[in-house]
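What the coordinates show
Letter by letter, the chains look like this.
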Amino acid sequence: MKKNHKYIFVIGGVMSGVGKGIASSSIGKILQAKGFKVNPIKVDPYLNVDAGTMNPTEHGEVFVLDSGLETDQDMGNYERFLEMDLKDDDYMTSGMIYRHVIEKERNLGYKGKTVEAIPHITEEIVSRWKKSAEHHNSDVTLVEIGGTIGDYQNILFIEAARNLKIKYPDDVAFIIVTYLPIPGSLGEMKTRPTQNAVRQLNSYGVQPDIIIARGTEPLDAKRKEKIAISCAINPENVISAPDIESIYDVPINFERDKISSVILKVLHMKGRVHNGDLDEWKTFVKKRAKAKKQLKIAVVGKYFDTGEYTLSDAYVSVIEAVKFSSYWKDTRSQLTWVNSKEYEKNPKKIEELREFDGIIVPGGFGESGIEGVIKTIEFVRKNKIPFLGLCYGMQLAVVEYSRNVLGWKKAHTAEINPKASRLVIDIMPEQKENLKNGNYGATMRLGAYPAVLKKGSVAFEAYQTGKISERHRHRYEVNPEYVPDIEKAGLIFSGKSPSGKLMEIAELPKDVHPFFLGTQFHPELKARPLHPHPLFTAFVSACLKKQSS
Ligand code: GLN
């Protein structure tokens, strides 16, 4: 550990869902702009060992790291804001920590001692924070503690952070992100929930150094003063964080209230860079604000009984990836969620897809809405509408092509019908074993794998290189047995694993279709605001071209 290494803990008060993850990512971005090396850590207090078995429509997207670890969607925000590839040490759950401590106890790792939540769990937590900091050789470790003050689940993490503060009082800062409601009947912003949240934090032995006051409106001077007095904090340390149009404006907005100088003061640090702060970021933010062109893109899948809100959480990386590529092309893309089941019930309805400039079929699991998705892919292939298939989207494009071009009417994926006569998408032998044993956690092909691209292909042209590495999360693969016939019929596997056995990208040549490409991997996981993903950019370009033709 470096001397004077700093820790910032971000904790939520009042209620969940007010943007702790974005606040933490933005603080990280601001510190990077001041010349510091930052490592973000997400703490999820639940007992799941990782996010792999969690339902995305309930919990949000499962964000996969290069290593294959299945984590929380906030990790995606960190990677996007901070332009970093995060590691296993940067994510932890109570389940992960308890499992480790219990296994250590079973192996006599505590040499006969009584093993207890305090100090053994808290020590394990701190040792993981330190490991992550060392791993990144950072100056500042930014820890977001999931949940809200008052939860039972996150108390041990707060206790671990408190221990660090006692040991290193000048090197540890606490930030609480609260919410100031404006009740409709009163029409004015209320500070009391924030005061209560801070008192509750105080009862754990922690005094916040900074309060980030979220709300629909900016905080006025009077309320800042009120919070400052009641929470025993300087008014400058209360940061106003009103709702804004884009999460990417947040770092700039925080700086309006001079959050970086407050943080530097609290942690006894001196900024290393003075001019040029956040320059690239500001260019991106301006691009977004000024984008003039409009695209209409349909995302077709099995959406049903969930509202808009959960969908946008479940597909957050896809949504952001489209945004980045669009903004850099002076474009705003409007995404429409289309329920593929509708096309099963009412085949004529599919004609509505003509209205769109492009279609995305994102990843997914299971049978629901699948025939509607296959119909969608047939429609966009025949009508030359730009198509991007992500994981399940690619697999179903292979099924569609096999059925409708090769005439293999019974072609299917083993995920839906393992007895189909032509399993063009099949399970890998080692996965069969896992499923037989009821082993579902972390048993897919997970994480970054290299692929080799075919020269002259649409994919090669987009990436401008023949060697790529992309992240995976799936159980099934294109069955290599059928590849020669499928390619002969015109669907080209332009990306393959280095051994040539696993199909990574399927595409139609440019002279056949303006853009028809599917990936076995999830390119959206590596799209960044300042480095949009080449495949999404190629897709957006194709949509713009279609629109203007
Ligand atoms: N259900 C498919 C599989 O497991 C695709 C998974 C996905 O889209 N992430 O292979």
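For the structure, check the block above.
Conventions adopted
- What you see as residue numbers is a count from 1 along each chain, following the sequence as written.
- pLDDT decides what is reported in this predicted model: residues at 70 or higher carry local features, side-chain atom pairs at 80 or more are listed and counted, and totals for whole chains, interfaces and linings draw on all residues regardless.
- Excluding hydrogens and water, the side-chain values take into account all heavy atoms of the structure.
- Put simply, a nonpolar core is a bunch of buried Ala, Val, Leu, Ile, Met, Phe, Trp, Tyr and Cys residues held in one set by side-chain atoms that sit within 4.5 Å of each other.
- Any residue under 20% of the maximum accessible area for its type is buried, any over 50% is exposed, and the rest in between are partly exposed; the area is computed with a 1.4 Å probe on protein chains only.
- In this description a helix means any DSSP run of H or I spanning at least four residues, a strand means any run of E spanning at least two, and both kinds are numbered starting from the N terminus.
- What makes two residues a contact is simply this: any of their non-hydrogen atoms within 4.5 Å.
- Paired strands are those between which DSSP finds at least two bridges.
- Fitting a line to C-alpha atoms yields each axis, with helices limited to the stretch in contact; the angle taken between N-to-C directions then spans 0 to 180 degrees.
- The handedness rule is simple: strands pointing away from the viewer, and a clockwise path from the first strand over the helix to the second, make the crossover right-handed.
- A pairing counts as a salt bridge when a side-chain nitrogen of Lys or Arg comes within 4 Å of a carboxyl oxygen of Asp or Glu.
- Aromatic pairs are defined between Phe, Tyr and Trp rings, using the six-membered ring for Trp, whenever the two ring centres lie within 6.5 Å; interplanar angles under 30 degrees are classed as stacked, those over 60 as edge-to-face, and all others as tilted.
- When at least one non-hydrogen atom of a residue lies within 4 Å of a molecule or strand, that residue is treated as near it.
- Side-chain atoms alone can form a polar contact between residues adjacent in sequence; in general such a contact is a pair of N or O atoms within 3.5 Å, and within protein one must be able to donate a hydrogen while the other accepts it.
- Only the protein chains shown count as cover for residues, with accessible areas throughout obtained via the Shrake-Rupley method and a probe of 1.4 Å.
- In this count, Pro and Cys sit with the nonpolar residues alongside Ala, Val, Leu, Ile, Met, Phe, Trp and Tyr, while Asp, Glu, Lys and Arg are called charged and the others, Gly among them, polar.
- Left-handed is the label given to a crossing in which the near helix is rotated counterclockwise from the far helix by less than a right angle, and right-handed is the label when the rotation is clockwise.

1. A look at the nonpolar core
- Ile 8, Phe 9, Ile 27, Trp 129, Ile 212 and Phe 254 are the most contacted members of the largest nonpolar core, which totals 132 residues.
- With 8 residues, the top contributor of residues to this core is helix H20 (residues 534-548).
- When residues no more than four places from it in sequence are discounted, the contact partners of Ile 8 are Ile 27, Leu 31, Val 140, Thr 141, Leu 142, Val 143, Ala 173, Ile 175, Ile 263 and Leu 267.
- Judged by nonpolar contacts, the second largest core, of 44 residues, contains Ile 385, Ala 414, Ala 420 and Leu 491.

2. As for the sheet that holds strand S14 (residues 411-413)
- The strand order across the open sheet formed by 3 strands is S14-S15-S18, and the pairing between neighbours is mixed. Each edge of the sheet is formed by a strand with only one pairing partner; in this case those strands are S14 and strand S18 (476-478). Averaged over all adjacent pairs, the angle separating strand axes in this sheet is 30 degrees, with direction ignored.
- Here 3 bridges tie strand S15 (residues 422-427) to S18, and the two strands are oriented antiparallel to one another. Within S18, the residue paired with Ile 427 across the bridge is Tyr 476.
- Docked against the sheet, helix H16 (residues 392-404) engages S14, S15 and S18, running at close to 165 degrees with respect to S14.

3. Here's the deal with the pairing of strand S13 (residues 387-390)
- The side-chain alternation of S13 yields two buried faces, one formed by Phe 387 and Gly 389 and the other by Leu 388 and Leu 390.
- Both strand S12 (residues 358-361) and S13 contribute to a ladder of 3 bridges, which runs parallel. Note that in S13 the partner of Val 361 across the bridge is Gly 389.
- In this view, the connection linking S12 to its parallel neighbour S13 by way of helix H15 (residues 370-382) has right-handed handedness.
- Across 4 bridges, S13 lies against strand S21 (residues 516-519) in parallel orientation. For Phe 387, the partnering residue across the bridge sits in S21 and is Phe 516.

4. As for the pattern of salt bridges
- Per the stated rule, a full pass over the model turns up 35 salt bridges.
- The salt bridge involving Glu 504 is made with Arg 445; its shortest N-O contact spans 3.3 Å. Here Glu 504, found in strand S20 (residues 503-507), pairs with Arg 445, found in strand S16 (residues 445-453); they are 59 residues apart in sequence, far enough to count as distant.
- Using a relative accessible area of 5% as the deciding quantity, one classes Arg 445 as buried.
- Several salt bridges converge on common partners, so that one network encompasses Asp 66, Glu 79, Asp 85, Arg 471, Lys 526 and Arg 528.

5. Considering the packing of aromatic side chains
- Within this structure, the stated rule accounts for 16 aromatic pairs.
- For the ring pair Trp 281 and Phe 284, a centre distance of 5.9 Å and an interplane angle of 55 degrees mean the geometry is tilted. Of this pair, Trp 281 and Phe 284 both sit in helix H11 (residues 279-290), 3 residues apart, which is roughly one turn of that helix.
- According to the relative accessible area criterion, Trp 281 is buried, its value standing at 1%.
- Taking relative accessible area as the criterion, Phe 284 reaches 0% and is therefore assigned buried.
- Centre to centre, the rings of Phe 284 and Tyr 327 are 5.9 Å apart; their planes meet at 55 degrees, and the pair counts as tilted. Taken together, the positions of Phe 284 in helix H11 and Tyr 327 in helix H13 (residues 316-327) put the pair 43 residues apart, joining distant regions of the chain.

6. A word on the sheet that holds strand S2 (residues 38-44)
- One open sheet holds the 7 strands; their spatial order is S5-S2-S6-S1-S7-S8-S9, and the pairing between them is parallel. Where the open sheet ends on each side, the last strands, each with one partner, are strand S5 (91-93) and strand S9 (238-242). Neighbour to neighbour, the strand axes of the sheet diverge by 20 degrees on average, direction disregarded.
- As defined by bridge partners, strand S8 (residues 210-215) adjoins S9 across 5 bridges and the pair is classed as parallel. The partner of Arg 214 across the bridge, within S9, is Ala 241.
- The strands touched by helix H1 (residues 20-33) within the sheet are strand S1 (6-12), S2, strand S6 (140-148), strand S7 (172-179) and S8, with S6 carrying the most contacts at an inclination of about 170 degrees.
- Across the sheet, helix H8 (residues 221-231) touches S8 and S9, and the angle it forms with S9 is around 135 degrees.

7. A closer look at the site of the ligand
- Close to the ligand lie Gly 363, Gly 364, Phe 365, Cys 391, Tyr 392, Gln 395, Glu 415, Arg 473, His 474, Arg 475, Tyr 476 and His 522, which account for all nearby residues.
- Take Gln 395: an N or O atom from its side chain is 3.0 Å from an oxygen atom of the ligand.
- Separating a nitrogen atom of the ligand from a backbone N or O atom of Arg 473 is a distance of 2.9 Å.
- Calculation on the ligand without its partners gives an accessible area of 300 Å², and the protein chains cover 98% of this total.
- Its residues placed into classes, the shell around the ligand shows 4 nonpolar, 5 polar and 3 charged.

8. Overview of the packing of H13 against H20
- Running from N to C, H13 and H20 cross one another at 65 degrees; their axes reach a closest spacing of 9 Å. With respect to the hand of their crossing, H13 and H20 are arranged in right-handed fashion. Listed contacts from H20 to Val 318, Ala 321, Val 322, Ser 325 and Ser 326 of H13 are Phe 536, Thr 537 and Val 540.
- Taken together, the residues that form the contact of H13 with H20 break down as 5 nonpolar, 3 polar and no charged.

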